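Working through the structure, step by step
Spelled out, the chains give:
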Amino acid sequence: MARLIDDCLASGSSAMTLDDAVALIAVRFPICAGIETVALQDADGRILAQDVIAGINLPPFDNSAVDGYAVRHADLAPEGETVLPVRGRIAAGATEAGIAAACAVRIFTGAPMPAGADTVFMQEDVVVDGAQVVLPSGLKRGANRRVAGEDVACGARVLADGHRLTPQDVALAAAVGHHRLDLRRRLRVAVFSTGDEVAEPGAALRPGAIHDSNRVMLVALLRRFGTEVHDLGILRDDAAQLGSRLAECAPSYDLILTSGGVSVGEEDHVRPAIEAVGRLVFWRLRIKPGRPVAMGVIGDTAFVGLPGNPVAAYVTLMFLVRPLIARLAGATVRPPLAIPVRAGFTHAKRAGRREFLRVVLHRTPDGALEAHKCSTHGAAGLASLAASDALAILAEDVTALQAGDIVDVIFHDRLG
Ligand code: AMP
Ligand code: MG
């Protein structure tokens, strides 16, 4: 699957823009997820491998939108009230009946319209007088009637190949006649942490050690992306051991992720390990945080070495790995929705790189949404990442943001 055509972006070349890196994904990585047929009950969050075509009209037949009285509009007096005798009763699920001239039919929500009737009075709007009903004036022809196919016409494409299904989508598929769908197999993703200082969460910390926070975050996010996640633990800072472990695991997974060890320090062994056992597509992105990130392949398995700093790991997972996963899984790549809000802070930045700032959102007295930068701003500020609502995105060409400027934010929950 993920076979590189050539390596024009070798490791020595300069950092790439995020847009170039994402564009490169589509060129370099083929879809690798196979196809399986899945019952609708299990399809939420999965990726369609087929277009979904309506096999029937929705609704399938003309029916009443309310509980009330069906009439022929032509039987209504042009002015004032109309009194009609009630003949017949149609509940939901009943087979269609007709309507006699100058009569009303008692009808309930979802019941088929009697042949010839075109309008339904809500029961709240009428007065029942024995076997007759008194109908007010002014109701338009066709009121409270749902016409066959008005929501979806038979033969229409309701969902497209590559779409990630929501609960609403599976409801739509069911309504138009499907009970199972062809979906992409879940991607198998392996996650490692790297670093001699990194210890399991809950372990007693020896001096110099930290708890592994990246792995639990990455596993949680990858589950939200709909992948089958395999937590493979912590690797030591040893290039040979790293390389052999990654090479050994690669055939069992579609994608391997590591965090840590991708900078240029002597103790950063992930990049040399990938160069030894696989091939690098690029490393280093023009973003902050998240500049040191390596993307490549090991055999036919895609690989991304994320930065060790937790905020940088988060940003690169969301903005680089997420589109990679979409591509490998055959999903349509949809950039997360950015919302323009007012900046409640000033910020200076360097041109040429995209910056992601942790922000909280407030509504101002004049009703506008305003973003405030979280106080700690190092790449390692996990507490401020957790406290933030969103990431503000400052484009490559921006050098300064003034309070009152408009800035794009992406809410964390739109990223999942
Ligand atoms: P590195 O990229 O290996 O130089 O790591 C950068 C920073 O991230 C260092 O302070 C590491 O201790 C920290 N770090 C690396 N891996 C993890 C991890 N799994 N969880 C939390 N912090 C980490
Ligand atoms: Mg390290």
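Residues numbered from 1 in each chain as written. Chains lettered and ligands numbered in written order. Predicted model: local features only at pLDDT ≥ 70, side-chain atom pairs only at ≥ 80, totals over all residues. Heavy atoms only, no water.

1. Re the side chain of Thr-194
Inspection of the secondary structure assignment puts Thr-194 in strand E13 (residues 188-194). Thr-194 gets classed as buried once you look at its relative accessible area, which sits at 6%. Among the polar contacts listed, one links the side chain of Thr-194 to the backbone oxygen of Ser-259, at a separation of 3.0 Å. In terms of polar contacts, Thr-194 uses its side chain to reach the backbone carbonyl oxygen of Gly-260, at 3.2 Å. Not counting chain neighbours up to four residues away, the residues in contact with Thr-194 comprise Leu-235, Asp-237, Leu-242, Thr-258, Ser-259, Gly-260, Gly-261 and Val-270. (Helix = DSSP H or I, 4+ residues; strand = E, 2+ residues; numbered from the N terminus. Buried < 20%, exposed > 50% of the residue type's maximum accessible area, 1.4 Å probe, protein only. Polar contact = N/O pair within 3.5 Å; in protein donor to acceptor, adjacent residues only side chain to side chain. Contact = heavy atoms within 4.5 Å.)

2. Some details on the nonpolar core
The biggest cluster of nonpolar side chains holds 52 residues, and the ones touching the most others in it are Leu-222, Leu-255, Val-304, Phe-319 and Leu-320. If one sorts the elements of this core by residue count, helix H6 (residues 310-328) sits on top with 13 residues. Inspection of this core shows a minimum of three residues originating in each of domain 1 (18-33 + 187-328) and domain 4 (339-414). If we skip the residues at most four places from it in the chain, Leu-320 touches Leu-18, Ala-21, Ile-25, Phe-282, Leu-285, Val-293, Met-295, Val-304 and Val-315. Judged by nonpolar contacts, the second largest core, of 18 residues, contains Leu-246, Ile-256, Ala-273 and Ala-294. (Core = buried A, V, L, I, M, F, W, Y, C linked by side-chain atoms within 4.5 Å. Domains from an automatic or database assignment.)

3. Here we look at the packing of helix H3 (residues 214-224) against H6
Direction vectors running N to C along H3 and H6 enclose 30°, while the axes themselves pass 11 Å from each other. Here H6 runs roughly parallel to H3, going by the angle between their axes. Note that H3 runs across H6; the crossing there is right-handed. In contact with Asn-214, Met-217, Leu-218, Leu-221 and Leu-222 of H3, H6 contributes Pro-310, Ala-313, Tyr-314, Leu-317, Met-318 and Ile-325. The class makeup of the residues in the contact of H3 with H6 is ten nonpolar, one polar and no charged. (Axes fitted to C-alpha atoms, helices over the stretch in contact; angles between N-to-C directions. Parallel < 35°, antiparallel > 145°, perpendicular 65-115°, else oblique. Left-handed = near helix turned anticlockwise from the far one by under 90°. Nonpolar A, V, L, I, M, F, W, Y, C, P; charged D, E, K, R; others polar.)

4. Some words on the site of ligand 1
Around ligand 1, 16 residues are found, and the nearest of them are Glu-197, Asp-212, Ser-213, Gly-261 and Gly-308. The separation between a nitrogen atom of ligand 1 and a polar side-chain atom of Asp-212 is 2.8 Å. A distance of 3.2 Å is found between an oxygen atom of ligand 1 and a backbone nitrogen or oxygen belonging to Asn-309. Look at ligand 1: alone it shows 490 Å² of surface, and the protein chains cover 76% of it. Contributing elements (two or more residues each) for the shell around ligand 1: E13 and strand E15 (210-211). A class-by-class count of the residues in the shell around ligand 1 yields three nonpolar, ten polar and three charged. (Near = heavy atom within 4 Å. Areas by Shrake-Rupley, 256 points an atom, 1.4 Å probe, with all protein chains shown as cover.)

5. Some words on the pattern of salt bridges
Within this structure, the stated rule accounts for 17 salt bridges. The salt bridge involving Arg-72 is made with Asp-75; its shortest N-O contact spans 3.1 Å. Accessibility expressed as a relative area gives 25% for Arg-72, which makes it partly exposed. Judged by its relative accessible area of 19%, Asp-75 falls in the buried class. (Salt bridge = Lys/Arg side-chain N within 4 Å of Asp/Glu carboxyl O.)

6. What about helix H5 (residues 270-277)?
Within the span of H5, buried status applies to Val-270, Arg-271, Ala-273 and Ile-274. Angularly, the buried residues of H5 cover 160° about the axis, an arc narrow enough to put them on a single face. Tucked into the core, H5 has its buried residues touching E13, helix H4 (239-249), strand E17 (255-259), strand E18 (279-283), strand E20 (294-298) and strand E21 (301-306). (Arc of directions from axis to C-beta.)

7. As for the sheet that holds strand E4 (residues 68-71)
In spatial order, the strands read E7-E4-E6-E5-E9-E8; together these six strands make up an open sheet with mixed pairing. Strands at the two margins of the open sheet, each flanked by one partner only, are strand E7 (119-122) and strand E8 (127-129). Across the sheet, the axes of successive neighbouring strands diverge by a mean angle of 40°, strand direction being ignored. As judged from the three bridges shared by E8 and strand E9 (residues 132-135), these two strands associate in the antiparallel manner. Within E9, the position partnered with Asp-129 by the bridge is Gln-132. (Pairing = 2+ DSSP bridges.)

8. Considerations on the domain arrangement of the protein
Domain annotation for the protein reports domain 1 (18-33 + 187-328), domain 2 (36-56 + 153-184), domain 3 (63-146) and domain 4 (339-414). Between the C-alpha centres of domain 1 and domain 3 the distance comes to 65 Å.

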